[in-house]
Every structure is written in C-alpha cells, then in structure tokens.
Amino acid sequence: MLGNNLPPPRRVIALLKSRNITSIRLYDPNHDALQALQNSGIKVILGTLNQDLQMLGAADPSFARSWVSTNVIPYSKTVHFRCISAGNEVIPSDLAAYVFPAMKNLKAALNAAELAYIPVTTCVSTAILGASYPPSRGEFSKDSSLVMRSVAAFLAANGSPLLVNVYPYFPYVDNQEEIPLSYALFNSTNVVVKDGQLEYRNLFDAITDAVYAALEKVGGASIQIVVSESGWPSKENGDIATVANAQMYVNNLIAHVSGETGTPKRPGKSIESYIFALFNENLKPPGTEQNFGLYNPDMTEVYPVDFTH
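Residues numbered from 1 in each chain as written. Predicted model: local features only at pLDDT ≥ 70, side-chain atom pairs only at ≥ 80, totals over all residues. Heavy atoms only, no water.

Section: unusual backbone geometry
So, step 1. Following Ile 91, the chain continues into Pro 92 via a peptide bond in cis, with omega recorded as -5 degrees.
So, step 2. Inspection of the secondary structure puts Pro 92 in the loop between strand 3 (80-88) and helix 5 (99-112).
So, step 3. That bond from Phe 276 to Ala 277 is cis: its omega, 5 degrees, falls within 30 degrees of zero.
So, step 4. Here Ala 277 lies in the segment after strand 11 (273-275).
So, step 5. Unusually for a residue other than glycine, Glu 114 sits at a positive phi of about 60 degrees.
So, step 6. Its location among the elements puts Glu 114 in the loop between helix 5 and strand 4 (120-124). (Helix = DSSP H or I, 4+ residues; strand = E, 2+ residues; numbered from the N terminus.)

Following this line, the structure appears as structure tokens:
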C-alpha cells in the first residue's frame, strides 16, 4: 500500500476475486481494506505496525485489548482472519524484545473476546539465521536466538505457524558466482545441494528448510512455516530484475507451493505462501523496491500469472 496512485480497496478485492486469489496479507489494520474484505471469503493475515509493538507488549495489556477491540472484533463475523502478526521483520532489532510480550498480550485479548481460534504469530526474515548452509545446519543467530526461543515455545504451545519472508532473489544477487540463476528461479532439474539424504533443486526450499532446522534446534519441530512474502523484482537491476525473470519466478513458485511435493525436510504437502506484492509501489525507495508488483497501479498486469493451480 506504499503508493499514492493505488486503486481503492473495493476495486482491489474485486480484482482478487476475479483472479481466484483466496488469501492476502495486510501489514497494518487499514479499515478501508478490512471493510472491503467483509463477506468476500478471502482470508487475511493482519499485521500490527512495528511502531506499536512496544505498547502492545507493555506490562499493562490495555493497548493490546484496545487494538483487538478496534481492529478485529468489529470484523470478526465478516472477515476470515488467518492470523495476527505482531510486527514484520523486527528480529533482530531494538524492537525484537517487544515481539513475544506483544504476542502474549494479543492472544490474551483475543481469548477474552472469544476469538481464541485466531492464531497469533510474528513475521521474520532470514536475518534471524546465523547459519543456513547446508540447510540442516540452519540455526538462529546469537542476537536472534533468545527471542526466537520464546517465540517458538509460544507457537508450539498454541499450534500456530511462524511467518517467514523467503526471497531467493537476495542471496542470488549477493552471491552470483556460487548460486546458479536456475537454482533461484526453480528451473534446475539437477540436484544443486546435497545435504545428507536431502536433495535440493531450488533455493526457496533450501532457505525454508534452514529455518525449519533452526526451529528444531530450539524445540520448535512441530511448527509450520507459512511463507508470508516471496517475489522477484521486474526491473531496476540490470538483467537480473527483468519481467521475464519475475514472471518465471512467480509462476514457478505458485506451481511449486501449490503442489504436494513440499520441501525435502517437510515433504508431501503444499506450502501456504504469499506473493510480494500485489502492486508496484511508488513511495518505496527508488529501484527494485518499487518493482515487485504483479500489477501496475492502473490494475494492468506487469506480467501474466497463473493462479489456477
């Protein structure tokens, strides 16, 4: 939503329904969007603003109760909340210490409102990892480990998923000499990484399984990962960020996560995943950040995407 030329939420929800998109993610409780989602049948991951985490995690839980009263309760009968995310990509950072208390307070507020069926979680990037290669060596970094241990215990106890933003694009850009483009774009037919008995043909699975390995090391073996962002920019980085590569990545991603292969560590089931992003956003920093959209602000396609899997 970081654009000053985007269509109104009602038109966006109509677009989603026309394309058979059944779940979306909101980074903050935008009431125009929530109203447009009412009775749409579309599930929503609802985020809290990062700047609200300190108050949400306060010893006095009244702000969390107020947040739920304002942003969830009025829509609870008409909007299908997939989960509530306490912040986005703040572990590790100065705000990380507030994530777990915020999750506890939000969960207590939902329970008190008889909305205990709505999971509470947080969203992390792969910055939480201190090691990720090979995937079985995945572990949380020293500055993430303490918080992630508490988060994992909470998620495991409540049967809630961890939201993880998984971007093969970034490690590929940083390490083109070692990582084949085909491995990042789901185009490799050969095994690229052999990790014990596990064989990896794409970087997406390797990243996801590195987080699974890190969770296992802190007692979180039962936690499901939901891929809360993944995408590829369509311009502003030479011959890497092209429409052709973005189209290839996103369509291959949809086919992969919709199928039943799963990842080598968690095989045999589809992977709940969210594509970043719906629109190109002109208020993001200039460059690739403005060009992750599937659609232009006028609702024309940046490239064709097959959502029929």
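That shown, we press on.
A short note on the packing of helix 4 (residues 62-71) against helix 5
So, step 1. Running from N to C, helix 4 and helix 5 cross one another at 55 degrees; their axes reach a closest spacing of 8 Å. By the angle class used here, helix 4 and helix 5 are oblique. By crossing handedness, the relation of helix 4 to helix 5 is classed as right-handed. Residues Ala 64, Arg 65, Trp 67 and Val 68 of helix 4 lie in contact with helix 5, whose contacting residues are Asn 105, Leu 106, Ala 109 and Leu 110. (Axes fitted to C-alpha atoms, helices over the stretch in contact; angles between N-to-C directions. Parallel < 35°, antiparallel > 145°, perpendicular 65-115°, else oblique. Left-handed = near helix turned anticlockwise from the far one by under 90°. Contact = heavy atoms within 4.5 Å.)

Focus on the nonpolar core
So, step 1. Within the largest apolar cluster, 94 residues are counted, with the highest numbers of intra-cluster contacts made by Val 72, Phe 81, Ile 84 and Leu 162.
So, step 2. At 9 residues, helix 9 (residues 203-217) tops the list of elements feeding residues into this core.
So, step 3. Those residues within four positions of Ile 84 in sequence are excluded, and the remaining contacts are Leu 46, Thr 48, Trp 67, Val 72, Leu 106, Leu 110, Ile 118, Pro 119, Val 120 and Thr 121.
So, step 4. In terms of nonpolar packing, the next biggest core, distinct from the first, is built from 6 residues, Ile 45, Cys 123, Leu 163 and Tyr 274 among them. (Core = buried A, V, L, I, M, F, W, Y, C linked by side-chain atoms within 4.5 Å. Buried < 20%, exposed > 50% of the residue type's maximum accessible area, 1.4 Å probe, protein only.)

Topic: the pairing of strand 4
If a strand is regular, its side chains alternate between the two faces of the sheet.
So, step 1. Counted residue by residue, strand 4 has 5 buried out of 5 residues, so it is predominantly covered.
So, step 2. Here strand 4 shows two buried faces, one formed by Val 120, Thr 122 and Val 124 and the other by Thr 121 and Cys 123.
So, step 3. When strand 3 meets strand 4, the two strands line up parallel, connected through 3 bridges. In the sheet register, Asn 88 faces strand 4, and the bridge partner there is Cys 123.
So, step 4. Note on the crossover from strand 3 through helix 5 to strand 4: the handedness is right-handed.
So, step 5. Two elements, strand 4 and strand 7 (residues 162-165), share 2 bridges in a ladder whose sense is parallel. For Cys 123, the partnering residue across the bridge sits in strand 7 and is Leu 163. (Pairing = 2+ DSSP bridges. Right-handed = clockwise from strand over helix to strand, strands pointing away.)

Considering the packing of aromatic side chains
So, step 1. A full pass over the atoms with the stated rule returns 14 aromatic pairs.
So, step 2. Relative to Phe 292, the ring of Tyr 167 has its centre 5.9 Å away and its plane inclined at 80 degrees; by these criteria the two rings are edge-to-face. Residue Tyr 167 is found in the loop between strand 7 and helix 7 (169-174), and its partner Phe 292 is found in the segment after strand 11; the two are separated by 125 residues along the sequence.
So, step 3. Judged by its relative accessible area of 3%, Phe 292 falls in the buried class.
So, step 4. Considering the side-chain rings of Tyr 172 and Trp 232, the 6.4 Å spacing of their centres and the 35 degrees angle between planes classify their relative orientation as tilted. Of the two residues, Tyr 172 is situated in helix 7 and Trp 232 in the loop between strand 10 (225-230) and helix 10 (243-258); the sequence distance between them amounts to 60 residues.
So, step 5. Looking at Trp 232, the relative accessible area reads 0%, which means it is buried.
So, step 6. Ring pairing ties together the aromatic residues Tyr 167, Tyr 169, Phe 170, Tyr 172, Phe 186, Phe 204, Trp 232, Tyr 249, Phe 276 and Phe 292, which thus form one cluster.
So, step 7. It is Arg 266 that lies over the ring of Tyr 212; its NZ or CZ is 4.4 Å from the centre. (Phe/Tyr/Trp six-rings, centres within 6.5 Å; stacked < 30°, edge-to-face > 60°. Lys NZ or Arg CZ within 6 Å of the ring centre and 35° of its normal.)

Section: the sheet that holds strand 2 (residues 43-47)
Adjacent strands of a sheet pair through backbone hydrogen bonds, lying either parallel or antiparallel.
So, step 1. Pairing is parallel across the open sheet formed by 7 strands, whose spatial order is 1-2-3-4-7-10-11. A single partner strand is all that each edge strand has here, and the edge strands are strand 1 (23-26) and strand 11. Each strand of the sheet is rotated relative to its neighbour by a mean of 25 degrees, with strand direction disregarded.
So, step 2. Sheet topology places strand 2 next to strand 3; 5 bridges connect them, and they run parallel.

A closer look at the side chain of Ser 230
So, step 1. Mapped onto the elements, Ser 230 comes out in strand 10.
So, step 2. For Ser 230, a relative accessible area of 0% corresponds to the buried category.
So, step 3. At 2.6 Å, the side chain of Ser 230 forms a polar contact with the side chain of Tyr 249.
So, step 4. The residues contacting Ser 230, other than those within four sequence positions of it, are Val 166, Tyr 167, Pro 168, Phe 204, Tyr 249, Leu 253, Tyr 274, Ile 275 and Phe 276. (Polar contact = N/O pair within 3.5 Å; in protein donor to acceptor, adjacent residues only side chain to side chain.)

Remarks on the side chain of Ser 141
So, step 1. Examined against the element boundaries, Ser 141 turns out to sit in the loop between strand 6 (139-140) and helix 6 (142-158).
So, step 2. A polar atom in the side chain of Ser 141 sits 2.6 Å from the side chain of Asp 143.
So, step 3. Setting aside anything within four residues of it in sequence, one finds Ser 141 in contact with Ala 127, Ile 128, Leu 129 and Gly 130.

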